[in-house]
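Coordinate inspection notes
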Amino acid sequence: MTPREDREHLRIGLISYRSNPHCGGQGVYLRNLARALRDQGHHVEVITGPPEAEMDDGIIVHRLPCLDLYNPKALFRVPTLQELLDPINLLEWIGVSTMGFPEPFTFGLRARRYLRDKYHRFDVIHDNQSLSYGLLAIQRFVPTTATIHHPITQDRRIDLRSVSSPFKKIKLSRWYSFLGMQKQVARRLSRVITVSNSAAQDIHLDFGVPRDRFRVAPLGISTEIFRPIQGIDREENRLITTTSADIPLKGLAYLLHAMAALTHRRDVRLTVIGQPRKDGPVEKLVRDLDIGRRVDFTGRVDQREFVEHYARSSIAVVPSLYEGFGLPA
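Presented here is an overview of the structure given in this document.

Here is what the cut-offs are and how they apply
Residues numbered from 1 in each chain as written. Predicted model: local features only at pLDDT ≥ 70, side-chain atom pairs only at ≥ 80, totals over all residues. Heavy atoms only, no water. Helix = DSSP H or I, 4+ residues; strand = E, 2+ residues; numbered from the N terminus. Rg over C-alpha atoms; globule rule 2.2 N^0.38 Å. Buried < 20%, exposed > 50% of the residue type's maximum accessible area, 1.4 Å probe, protein only. Contact = heavy atoms within 4.5 Å. Lys, Arg positive; Asp, Glu negative; His and termini not counted. Charge placed at Lys NZ, Arg CZ, Asp CG, Glu CD. Pairing = 2+ DSSP bridges. Arc of directions from axis to C-beta.

1. Comments concerning the overall build of the protein
Each helix and strand counted, the protein has twelve helices and eleven strands in total. Taking 20 Å as the expected radius of gyration for a compact globule of 329 residues, we find that the protein reaches 21 Å, a close match to that expectation. Along the longest, intermediate and shortest principal axes, the C-alpha atoms of the protein span 65 × 50 × 40 Å. Counting every position in the protein, which comprises 329 residues, the buried fraction comes to 46%. Of all intrachain contacts in the protein linking residues separated by at least 6 positions in sequence, the fraction that spans at least 24 positions is 64%. Each charge class in the protein was averaged separately, 47 positive and 37 negative side chains, and the resulting centres sit 6 Å apart.

In structure tokens, the structure reads:
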């Protein structure tokens, strides 16, 4: 199938199994993509799982309920019998109970169930790295593409290298078991969107997607939002970076070691947009390097606070694995 050619503007369904508004590859990407498509005159509807997506006016959001077992307010709760009468909920609970991460798979089933009598409402479906089997069923009825920010195989390799316990390696391998599904689905999509040429090369190598199926849409930055602010001066030797999770993939440890080395030559300070786990590896490293007075963690901040921190900093450090996700220096 091809999108209707008799209409200048399209009816687009954006689907995302998670839409954390503080995560660059989830809610941040989804919100900005939806806004840009709306501003071009397209009709945009978002179909998503938790956490709740934050969208601009004029964008319709459909929230698909799930067990949400990774919700920090009720982490790994025991579902009710009534909830488990839904076969998809049962699959989700079994997956989590056996140390897996079934959310991309079960979200795909829910998205397929939600859309099965609504395909006529859309000209194209755009998936945000769910890459679930349900997407292949959707593709039979409406043209479908997907954004892949980077192959999660990279996360798995780095995570496995970071632990020595055989049990932890088995546990991590089980958690990443959804990757087999994502590889199969990515190979069967006619088009894949990614955020940089390096990401396209990584996906090609790890997922086996032919290079001619990629369309690179680089991530940018809104210069209307991130700009010098009157009354706020940049502070010399002040750095800023972002990290959405306290995991080895983010590479924050390397930046902290570099900070410790620089302190012998410059009075550098670092603002990290994010929050490490209490008594986790990042907090321990900050103590071991004795740089606690030079490093500030903001926790989650809204866009206004983010912009103010950015405006004060003289250098922005971009996480290398997420080319284009950070801020310009």
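2. Details of unusual backbone geometry
Pro-51 follows Pro-50 through a cis peptide bond whose omega is -5°. If you trace the backbone, Pro-51 turns up in the loop between β2 (43–48) and β3 (60–63). The backbone of Met-99 sits at a positive phi, close to 70°, despite the residue not being glycine. Within the secondary structure layout, Met-99 lies in the loop between α3 (87–97) and α4 (103–115). The phi dihedral of Gln-129 is positive, around 55°, even though this residue is not glycine. Here Gln-129 lies in the loop between β4 (124–128) and α5 (133–139).

3. Re the pairing of strand β5 (residues 144–147)
Residues in a regular strand point their side chains to alternate faces of the sheet. Burial along β5 is two-sided: the residues Thr-144 and Ala-146 and Thr-145 and Thr-147 are all buried. Note that β4 and β5 share four bridges and pair parallel. Counterpart to Ile-125 in the pairing with β5 is Thr-144. As judged from the two bridges shared by β5 and strand β6 (residues 192–194), these two strands associate in the parallel manner.

4. Comments concerning helix α11 (residues 281–289)
Buried within α11 are the following residues: Val-282, Leu-285 and Val-286. Down the axis of α11, the buried side of the element spans an arc of 100°, and every buried residue falls inside it. Relative to its buried face, α11 has exposed residues pointing more than 90 degrees away, namely Arg-287 and Asp-288. Residues of α11 that are buried sit in contact with α10 (252–262) and β10 (295–297).

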